[in-house]
Amino acid sequence: MSRDKPDVQGRRTVARSRLFEVEELDLEFSNGARTCYERLISRGNGAVIVAPVQPDRTVLLIREYAAGTHRYELGLPKGRIEAREDILVAANREIMEEVGYGGHRLTHLGALTVAPGYMSHETHLIVAEDLYPQREEGDEPEDIEVVPWSLDRLGELVTREDCTEARSIAALYMVRDFLDA
């Protein structure tokens with residue numbers, strides 16, 4: 001069933017940081033119901049999450065500090081898309097900075113959202129294949145550990161306590177299906 005989107009009756013910024021803006025929306029739905037929603041508006045151009053895949057179906061994961069959970073997490077390389085930067089260029093730059101490889105073949109599989117009910121942020125999933133060694137300087141505060149992981153052991157990976165980032169988990173299943181097609 002297709003529905004009309006609610007009419008936006010009012011919009012105001014209630015908080016702002018260097019990364020996000022909190023926006024309040026006054027909405028009226030087609031049935032006459034009125035309500036107020038808050039949402040996080042991302043500042044910037046979105047992000048990429050990259051699956052660098054070796055010929056034997058090994059994906060190069062990274063272990064890096066996650067401030068939100070205050071622990072080290074295992075997941076795919078990811079980062080912001082800079083102003084006027086192409087998505088595939090951003091993806092290649094991120095893996096050069098975080099895993100020390102570039103990809104000759106980059107495929108955009110789509111975009112993921114984390115919580116579309118209250119966040120506008122989109123992360124584009126890129127598969128990087130035909131890898132070559134290339135290290136670029138990044139903005140990470142410490143060295144990032146690269147952890148090769150076979151996609152054939154994906155079930156084991158997603159049950160680990162240090163692999164909980166939803167974008168990485170969804171992306172890995174999408175990449176596995178893409179490679180199996």
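Scroll up to find the structure this text is about.
This one's a predicted model, so the numbers in the text were calculated from it and none came from an experiment.

Let us look at the nonpolar core. In this structure, V59, L61, L76, L157, L172 and V175 are the most contacted members of the largest nonpolar core, which totals 19 residues. Looking at this core, the elements that each hand over two or more residues are β4 (47–52), β5 (58–66), β9 (123–133), β10 (145–150), α2 (154–157) and α3 (166–180). In terms of residue count, the dominant contributor to this core is α3 (3 residues). The contact partners of L172, leaving out residues within four places of it in the chain, are V59, L61, L76, L151, L154 and L157. Residues V48, I95, V99 and I144 belong to the second largest nonpolar core, which totals 12 residues.

Here we take up the packing of aromatic side chains. Under the definition given, this model contains 1 aromatic pair. On the basis of an interplanar angle of 65 degrees and a centroid distance of 5.7 Å, the ring pair of Y65 and Y72 is categorised as edge-to-face. The ring centre of W149 lies 4.1 Å from the NZ or CZ of R153, which sits over that ring.

Calculation criteria
Residues numbered from 1 in each chain as written. Predicted model: local features only at pLDDT ≥ 70, side-chain atom pairs only at ≥ 80, totals over all residues. Heavy atoms only, no water. Core = buried A, V, L, I, M, F, W, Y, C linked by side-chain atoms within 4.5 Å. Buried < 20%, exposed > 50% of the residue type's maximum accessible area, 1.4 Å probe, protein only. Helix = DSSP H or I, 4+ residues; strand = E, 2+ residues; numbered from the N terminus. Contact = heavy atoms within 4.5 Å. Phe/Tyr/Trp six-rings, centres within 6.5 Å; stacked < 30°, edge-to-face > 60°. Lys NZ or Arg CZ within 6 Å of the ring centre and 35° of its normal.

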